[in-house]
Amino acid sequence: MNISFNDKTIVVTGGTKGIGKAIAERFLESGANVIVTGRSQNKPLDLNPGISYMSLNLESKVSVADFLDYLTSLEHIDGFVNNAGINIIDELANIEDADFDSVMEVNLRGPFVICRHLADLMGANGGKIVNIGSIWSKITKKGRVSYITSKAGLAGLTRGLSTDLAEHNILVNSVSPGFVETELTRKSLSKTEIIELTEKIPLNRLAQAIEIANFVVFLCSDLNSFMTGQNLVIDGGYTNV
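As a starting point, this report considers the structure included with it. Quick caveat: nothing in here was measured; it's all calculated off a predicted structure. (Residues numbered from 1 in each chain as written. Predicted model: local features only at pLDDT ≥ 70, side-chain atom pairs only at ≥ 80, totals over all residues. Heavy atoms only, no water.)

**Here we look at the layout of surface pockets**
- Of the volumes computed, that of the largest pocket is approximately 1600 Å³.
- Lining the largest pocket are 48 residues, with Gly 85, Asn 87, Tyr 147, Thr 182 and Leu 184 positioned closest to its centre.
- Looking at the lining of the largest pocket, the elements that each hand over two or more residues are helix H1 (18-29), strand S2 (33-38), helix H4 (145-165), helix H5 (183-188) and helix H6 (191-198).
- The dominant element in the lining of the largest pocket, judged by the number of residues it contributes, is H5, at five residues. (1 Å grid on protein atoms, 1.4 Å probe; cavity = no way out; pocket = protein on both sides within 12 Å on 5 of 7 lines; lining within 4 Å. Points joined across faces, edges and corners; volume = space filled by probe spheres on them. Helix = DSSP H or I, 4+ residues; strand = E, 2+ residues; numbered from the N terminus.)

Laid out in C-alpha cells, this is it:
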C-alpha cells in the first residue's frame, strides 16, 4: 500500500546520516516536504537536494531557541521525528558530570523542549510525533549508563506526552531499533564482531535503516489513527533471547 504525504511537512532531527537520513529520504519519496537538522552550519553536500536543512545543536540553548522560532514560522507541521542523539560509552566511575549532562541534553531534554513547543504548533490540526529510542531503553549493557538512562527516559517521555497531547489529536510513539547496518556500525565494529553479533539475533542479520524508516513513516501516516504512547522495539528478536 502506498502512503502519501503530499502537502505535509515532516521534520527530522539528526537527519543527515544513518537512520535519520533513511527516514528523511523515505518521507521525501512519499511526497512530503522534508526538513532535517544537523550540527553543521552548512547543509551537507551529500544530502538530497529536495530536503531542506536547518542547523541545530541541542546542547546550545541559543541554537534550540532559534530552531523553535523556525518551527513557529512554518505554515504547518504534520509530523516530527526526534532522531538526534549521542552516546558516550564509559565505565560508571569514569563518567564525568558534563558528559552525563550532554547525553541528557541531546537525548532527553531536547526532545522534551521541542515537543512542548509542538503542542502549541500542532494543537489546532493534530499531528504525529515519533521519538527514536533504542533497545537500551529495554535492556542493559555495561558502560552505557548515560545512554540507557536517556533512552529509558525518552520512553517515559513518550508515554507522558501521549496522555497530555491526546486531547489535541497528537499521537506520540517511540521506535527503539536494535542493531542497524549503518556507516557508524561498520566503523565501530569489525567484520568479525558484526558476524558474532548477528549470530545473537534470531533473524541472523542486522536491520537495514530503511526497515526502521518504513515503520516511522507508518506511525506518521493516516494509517495510524489510534496507536499512541507505545515504545515499539525493532530488533529482529534480539531482546527476546
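From this point, the narrative continues.
**Some words on the environment of Thr 9**
- With respect to the secondary-structure elements, Thr 9 resides in strand S1 (residues 9-12).
- The buried category is assigned to Thr 9, whose relative accessible area is 6%.
- When neighbours within four sequence positions are excluded, Thr 9 is seen to be in contact with Asn 33, Ile 35, His 76, Ile 77, Asp 78 and Gly 79.
- Among the polar contacts made by the side chain of Thr 9, one reaches the side chain of Asn 33 at a distance of 3.3 Å. (Buried < 20%, exposed > 50% of the residue type's maximum accessible area, 1.4 Å probe, protein only. Contact = heavy atoms within 4.5 Å. Polar contact = N/O pair within 3.5 Å; in protein donor to acceptor, adjacent residues only side chain to side chain.)

**A few points about the environment of Gly 20**
- With respect to the helices and strands, the residue Gly 20 is situated in helix H1.
- Setting aside chain neighbours within four positions, we find Gly 20 in contact with Val 12, Gly 14, Gly 15 and Asn 83.

Coordinates in, geometry out; function isn't part of it.
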